[in-house]
Amino acid sequence: DVKVTQSSRYLVKRTGEKVFLECVQDMDHENMFWYRQDPGLGLRLIYFSYDVKMKEKGDIPEGYSVSREKKERFSLILESASTNQTSMYLCASIPGARADTQYFGPGTRLTVL
Amino acid sequence: RKEVEQDPGPFNVPEGATVAFNCTYSNSASQSFFWYRQDCRKEPKLLMSVYSSGNEDGRFTAQLNRASQYISLLIRDSKLSDSATYLCVVTHNAGNMLTFGGGTRLMVKP
(Lines give C-alpha, C1' and ligand atoms only; values in the text may rest on other atoms or scores of the structure.)
Protein backbone atom coordinates (compact mmCIF):
# COMPACT_ATOMS: atom_id res chain seq x y z
CA ASP A 1 0.00 0.00 0.00
CA VAL A 2 1.21 3.45 -0.91
CA LYS A 3 1.78 5.61 2.09
CA VAL A 4 2.03 9.37 2.05
CA THR A 5 2.66 10.93 5.41
CA GLN A 6 2.69 14.55 6.55
CA SER A 7 4.61 15.79 9.55
CA SER A 8 1.68 17.26 11.46
CA ARG A 9 -2.11 16.94 11.41
CA TYR A 10 -2.66 20.27 13.16
CA LEU A 11 -0.36 23.27 13.43
CA VAL A 12 -0.81 26.71 14.96
CA LYS A 13 1.67 29.45 14.11
CA ARG A 14 1.90 33.21 14.51
CA THR A 15 2.02 35.80 11.76
CA GLY A 16 5.56 36.24 10.49
CA GLU A 17 6.82 32.85 11.59
CA LYS A 18 8.63 30.56 9.17
CA VAL A 19 6.68 27.35 8.74
CA PHE A 20 7.85 24.00 7.37
CA LEU A 21 5.40 21.35 6.22
CA GLU A 22 6.97 18.00 5.45
CA CYS A 23 5.65 15.25 3.20
CA VAL A 24 7.16 11.80 2.78
CA GLN A 25 6.12 8.99 0.44
CA ASP A 26 7.46 5.47 0.56
CA MET A 27 6.75 4.22 -2.97
CA ASP A 28 9.57 5.82 -4.97
CA HIS A 29 7.15 8.13 -6.83
CA GLU A 30 8.67 10.70 -9.16
CA ASN A 31 5.97 13.36 -8.88
CA MET A 32 4.92 15.11 -5.70
CA PHE A 33 2.43 17.93 -5.18
CA TRP A 34 1.36 20.45 -2.58
CA TYR A 35 -2.24 21.69 -2.54
CA ARG A 36 -4.26 23.87 -0.24
CA GLN A 37 -7.94 23.28 0.29
CA ASP A 38 -10.35 26.03 1.31
CA PRO A 39 -14.16 25.96 1.59
CA GLY A 40 -15.81 26.83 -1.70
CA LEU A 41 -12.50 26.93 -3.57
CA GLY A 42 -11.61 23.25 -3.67
CA LEU A 43 -8.03 22.08 -3.96
CA ARG A 44 -5.58 24.47 -5.54
CA LEU A 45 -2.10 23.50 -6.62
CA ILE A 46 0.70 25.44 -4.95
CA TYR A 47 3.84 23.72 -6.28
CA PHE A 48 4.83 20.39 -7.71
CA SER A 49 8.04 18.50 -8.32
CA TYR A 50 8.74 15.86 -10.93
CA ASP A 51 12.22 14.95 -9.74
CA VAL A 52 14.78 15.60 -7.04
CA LYS A 53 15.76 19.28 -6.93
CA MET A 54 13.15 20.09 -9.59
CA LYS A 55 10.14 22.24 -8.87
CA GLU A 56 7.38 23.95 -10.82
CA LYS A 57 4.90 26.60 -9.75
CA GLY A 58 1.30 25.66 -9.58
CA ASP A 59 -1.68 28.00 -9.62
CA ILE A 60 -1.03 29.84 -6.35
CA PRO A 61 2.72 29.81 -5.52
CA GLU A 62 2.88 33.31 -3.99
CA GLY A 63 4.04 33.26 -0.39
CA TYR A 64 5.34 29.70 -0.61
CA SER A 65 8.52 27.90 -1.56
CA VAL A 66 9.39 24.22 -1.75
CA SER A 67 12.36 21.91 -1.40
CA ARG A 68 12.96 18.44 -2.79
CA GLU A 69 16.42 17.25 -1.75
CA LYS A 70 15.47 13.57 -1.68
CA LYS A 71 13.03 11.69 -3.86
CA GLU A 72 10.82 10.63 -0.99
CA ARG A 73 10.52 14.01 0.69
CA PHE A 74 8.83 17.22 -0.50
CA SER A 75 8.74 20.21 1.84
CA LEU A 76 6.49 23.25 1.68
CA ILE A 77 7.87 26.41 3.27
CA LEU A 78 5.99 29.52 4.32
CA GLU A 79 8.78 32.08 4.67
CA SER A 80 6.64 34.49 6.68
CA ALA A 81 3.26 33.09 7.56
CA SER A 82 0.20 35.29 7.14
CA THR A 83 -3.38 34.83 8.31
CA ASN A 84 -4.59 34.24 4.73
CA GLN A 85 -2.44 31.12 4.68
CA THR A 86 -4.67 29.49 7.26
CA SER A 87 -5.87 26.43 5.39
CA MET A 88 -5.76 22.66 4.98
CA TYR A 89 -2.57 21.62 3.20
CA LEU A 90 -2.52 18.35 1.30
CA CYS A 91 0.48 16.58 -0.15
CA ALA A 92 0.15 14.04 -2.95
CA SER A 93 2.37 11.82 -5.05
CA ILE A 94 2.06 9.76 -8.22
CA PRO A 95 4.36 7.36 -10.08
CA GLY A 96 5.24 8.83 -13.47
CA ALA A 97 2.41 10.52 -15.37
CA ARG A 98 -0.48 8.53 -13.91
CA ALA A 99 -3.11 11.02 -12.81
CA ASP A 100 -5.49 8.20 -11.97
CA THR A 101 -3.22 7.02 -9.18
CA GLN A 102 -2.60 10.19 -7.22
CA TYR A 103 -2.24 9.39 -3.54
CA PHE A 104 -2.84 11.98 -0.87
CA GLY A 105 -1.43 12.41 2.60
CA PRO A 106 -3.82 12.96 5.53
CA GLY A 107 -3.45 16.73 5.42
CA THR A 108 -2.15 19.41 7.79
CA ARG A 109 -4.60 21.94 9.12
CA LEU A 110 -2.56 25.12 9.60
CA THR A 111 -3.89 28.05 11.58
CA VAL A 112 -1.97 31.32 11.46
CA LEU A 113 -2.87 33.72 14.26
CA ARG B 1 -15.04 31.63 -14.12
CA LYS B 2 -13.62 28.58 -12.37
CA GLU B 3 -12.05 25.97 -14.59
CA VAL B 4 -14.03 23.14 -13.01
CA GLU B 5 -17.40 23.94 -11.48
CA GLN B 6 -19.68 21.91 -9.26
CA ASP B 7 -22.83 22.60 -7.30
CA PRO B 8 -21.58 22.62 -3.69
CA GLY B 9 -24.85 21.16 -2.37
CA PRO B 10 -25.50 19.75 0.12
CA PHE B 11 -27.65 17.15 -1.52
CA ASN B 12 -29.80 15.58 1.20
CA VAL B 13 -31.29 12.26 0.09
CA PRO B 14 -32.91 9.30 1.86
CA GLU B 15 -31.30 5.89 1.88
CA GLY B 16 -32.09 3.97 -1.29
CA ALA B 17 -32.50 7.08 -3.42
CA THR B 18 -30.77 7.71 -6.72
CA VAL B 19 -28.76 10.93 -6.89
CA ALA B 20 -26.78 12.54 -9.68
CA PHE B 21 -24.10 15.22 -9.70
CA ASN B 22 -22.89 17.20 -12.66
CA CYS B 23 -19.62 18.97 -13.17
CA THR B 24 -18.70 21.38 -15.96
CA TYR B 25 -15.21 22.18 -17.19
CA SER B 26 -14.12 25.14 -19.26
CA ASN B 27 -10.93 23.90 -20.93
CA SER B 28 -11.81 22.03 -24.12
CA ALA B 29 -8.28 20.56 -24.13
CA SER B 30 -9.01 18.61 -20.94
CA GLN B 31 -8.03 15.02 -21.50
CA SER B 32 -8.78 12.87 -18.48
CA PHE B 33 -11.60 12.99 -16.00
CA PHE B 34 -12.09 11.55 -12.55
CA TRP B 35 -14.35 11.52 -9.56
CA TYR B 36 -12.67 11.60 -6.14
CA ARG B 37 -14.39 11.09 -2.83
CA GLN B 38 -13.43 12.99 0.31
CA ASP B 39 -14.78 12.09 3.72
CA CYS B 40 -14.99 14.73 6.43
CA ARG B 41 -11.52 15.65 7.70
CA LYS B 42 -9.89 13.07 5.45
CA GLU B 43 -7.83 13.21 2.28
CA PRO B 44 -9.38 12.79 -1.20
CA LYS B 45 -9.32 9.31 -2.69
CA LEU B 46 -9.95 8.24 -6.25
CA LEU B 47 -13.50 6.94 -6.70
CA MET B 48 -13.44 6.26 -10.42
CA SER B 49 -12.07 7.40 -13.72
CA VAL B 50 -14.53 8.66 -16.33
CA TYR B 51 -14.24 7.21 -19.81
CA SER B 52 -15.65 8.61 -23.03
CA SER B 53 -18.04 5.70 -23.43
CA GLY B 54 -19.26 5.99 -19.85
CA ASN B 55 -18.46 3.46 -17.17
CA GLU B 56 -20.04 1.75 -14.24
CA ASP B 57 -18.66 0.44 -10.97
CA GLY B 58 -21.34 -1.24 -8.91
CA ARG B 59 -23.86 1.41 -7.87
CA PHE B 60 -21.80 4.21 -9.42
CA THR B 61 -22.06 5.33 -13.04
CA ALA B 62 -19.89 8.04 -14.57
CA GLN B 63 -20.48 9.71 -17.92
CA LEU B 64 -18.65 12.23 -20.03
CA ASN B 65 -20.15 14.64 -22.52
CA ARG B 66 -17.29 16.30 -24.39
CA ALA B 67 -19.54 18.38 -26.64
CA SER B 68 -21.17 20.08 -23.66
CA GLN B 69 -18.05 19.81 -21.48
CA TYR B 70 -19.56 18.15 -18.49
CA ILE B 71 -19.20 14.92 -16.58
CA SER B 72 -21.72 13.29 -14.31
CA LEU B 73 -21.81 10.83 -11.44
CA LEU B 74 -24.92 8.78 -10.70
CA ILE B 75 -25.27 6.89 -7.44
CA ARG B 76 -28.04 4.31 -7.22
CA ASP B 77 -29.48 2.83 -4.04
CA SER B 78 -27.70 5.37 -1.82
CA LYS B 79 -26.18 4.11 1.42
CA LEU B 80 -25.46 6.04 4.59
CA SER B 81 -21.78 5.38 3.92
CA ASP B 82 -22.00 7.29 0.64
CA SER B 83 -22.20 10.53 2.64
CA ALA B 84 -19.11 12.48 1.60
CA THR B 85 -17.92 15.25 -0.67
CA TYR B 86 -17.48 14.25 -4.31
CA LEU B 87 -14.76 16.07 -6.21
CA CYS B 88 -14.74 16.39 -9.97
CA VAL B 89 -11.20 16.36 -11.38
CA VAL B 90 -9.79 16.99 -14.85
CA THR B 91 -6.33 16.91 -16.37
CA HIS B 92 -4.87 18.69 -19.39
CA ASN B 93 -2.08 17.78 -21.72
CA ALA B 94 0.43 17.58 -18.88
CA GLY B 95 -1.34 14.44 -17.82
CA ASN B 96 -0.20 14.43 -14.25
CA MET B 97 -1.59 17.76 -13.06
CA LEU B 98 -5.07 17.68 -11.68
CA THR B 99 -7.55 20.53 -11.53
CA PHE B 100 -10.19 20.04 -8.87
CA GLY B 101 -13.72 21.29 -8.65
CA GLY B 102 -14.95 22.67 -5.35
CA GLY B 103 -16.80 19.47 -4.53
CA THR B 104 -20.42 18.47 -4.04
CA ARG B 105 -21.49 17.43 -0.58
CA LEU B 106 -23.84 14.46 -0.30
CA MET B 107 -25.70 13.56 2.88
CA VAL B 108 -27.63 10.32 2.89
CA LYS B 109 -30.16 10.10 5.71
CA PRO B 110 -31.92 7.06 7.19
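Bear in mind the structure is a predicted one, so any value in this text is a computation, not a measurement. (Residues numbered from 1 in each chain as written. Chains lettered and ligands numbered in written order. Predicted model: local features only at pLDDT ≥ 70, side-chain atom pairs only at ≥ 80, totals over all residues. Heavy atoms only, no water.)

Caption draft 1: View of the overall build of chain B. Across its full length, chain B carries 0 helices and 11 strands. What you see for chain B is a C-alpha radius of gyration of 13 Å, in line with the 13 Å of a compact globule of 110 residues. Overall size of chain B, expressed as C-alpha extent along the three principal axes, is 40 × 30 × 20 Å. Burial status across chain B gives 45% buried among its 110 residues. Considering only contacts within chain B whose residues lie at least 6 apart along the sequence, 58% involve residues at least 24 apart. As displayed, chain B has an accessible area near 5,400 Å², and 47% of this comes from carbon and sulfur atoms. Here chain B contributes 12 positive and 10 negative side-chain charges, whose respective centroids are spaced 4 Å apart. (Helix = DSSP H or I, 4+ residues; strand = E, 2+ residues; numbered from the N terminus. Rg over C-alpha atoms; globule rule 2.2 N^0.38 Å. Buried < 20%, exposed > 50% of the residue type's maximum accessible area, 1.4 Å probe, protein only. Contact = heavy atoms within 4.5 Å. Areas by Shrake-Rupley, 256 points an atom, 1.4 Å probe, with all protein chains shown as cover. Lys, Arg positive; Asp, Glu negative; His and termini not counted. Charge placed at Lys NZ, Arg CZ, Asp CG, Glu CD.)

Caption draft 2: Structural view of the confidence of the model for chain B. Confidence in the prediction of chain B, expressed as mean pLDDT, is 91, and 95% of residues score 70 or more. Across chain B, the element-wise mean pLDDT spans from 87 in strand β10 (residues 98–100) of chain B up to 97 in strand β2 (residues 11–14) of chain B. (pLDDT = per-residue confidence, 0-100.)

Caption draft 3: Quick peek at the environment of P10(B). All names here are of chain B. Relative to the helices and strands, P10 is located in the loop between β1 (4–6) and β2. On the accessibility criterion, P10 (44% relative accessible area) is partly exposed. Considered as a pair, P10 and L98 are 88 residues apart in the sequence and their alpha carbons are 24 Å apart. P10 has contacts with R105 and M107, leaving out every residue within four places of it along the chain.

Caption draft 4: Structural context of the nonpolar core. If you look at the biggest cluster of nonpolar residues, it comprises 23 residues, and the most contacted ones within it are F21(B), W35(B), I71(B), L73(B), I75(B), Y86(B) and L106(B). Contributions of two or more residues to this core are made by β3 (19–25), β4 (32–38), β5 (45–50), β7 (60–65), β8 (70–75), β9 (84–91) and β11 (104–109) of chain B. Apart from residues no more than four positions distant in its own chain, L73(B) is found in contact with V19(B), A20(B), F21(B), W35(B), L47(B), M48(B), F60(B), T61(B) and Y86(B). If you look at the next biggest cluster of nonpolar residues, it comprises 20 residues, including I46(A), L78(A), L110(A) and V112(A). (Core = buried A, V, L, I, M, F, W, Y, C linked by side-chain atoms within 4.5 Å.)

Caption draft 5: Representation of the interface of chain B and chain A in the model. Contact residues are listed per partner, giving 18 residues for chain B and 22 residues for chain A. Regarding the contact of chain B and chain A, the summed buried area is about 1,600 Å², with carbon and sulfur atoms giving 57% of it. Taken together, the links from chain B to chain A amount to 0 salt bridges. Counting every contact that joins chain B to chain A gives 1 residue pair in polar contact (both at pLDDT 80 or more). Of all the secondary-structure elements, those providing two or more residues to the side of chain B that touches chain A are β4, β5, β9 and β10 of chain B. When the residues that make up the side of chain B that touches chain A are grouped by side-chain class, the tally is 8 nonpolar, 7 polar and 3 charged. (Buried area = accessible area lost by both parts, 1.4 Å probe. Salt bridge = Lys/Arg side-chain N within 4 Å of Asp/Glu carboxyl O. Polar contact = N/O pair within 3.5 Å; in protein donor to acceptor, adjacent residues only side chain to side chain. Nonpolar A, V, L, I, M, F, W, Y, C, P; charged D, E, K, R; others polar.)

Caption draft 6: Local environment of the packing of aromatic side chains. In this structure the tally under the stated criterion is 11 aromatic pairs over all chains. Arranged with centres 6.1 Å apart and planes meeting at 90°, the rings of F104(A) and Y36(B) form a pair that is edge-to-face. With one member in each of two chains, F104(A) in strand β10 (residues 103–104) and Y36(B) in strand β4 form a pair that bridges those chains. Given the relative accessible area of 0%, Y36(B) is considered buried. Three or more aromatic residues joined by ring pairs make a cluster, and in this case those are F33(A), Y35(A), F48(A), F104(A), Y36(B) and F100(B). (Phe/Tyr/Trp six-rings, centres within 6.5 Å; stacked < 30°, edge-to-face > 60°.)

Caption draft 7: Quick peek at the pattern of salt bridges. Residue and element names in this part refer to chain A. On inspection of all chains with the given rule, the structure shows 10 salt bridges over all chains. One salt bridge in this structure joins K71 and D28, with 3.2 Å as the shortest N-O distance. Taken together, the residues span a long stretch of sequence, with K71 in the loop between β7 (65–70) and β8 (73–78) and D28 in the loop between β3 (19–25) and β4 (31–38) at a distance of 43 residues. Residue classification places K71 among the partly exposed positions, given a relative accessible area of 23%. For D28, a relative accessible area of 53% gives the class exposed. A single salt-bridge network, built from bridges that share partners, covers R36, D38 and R44.

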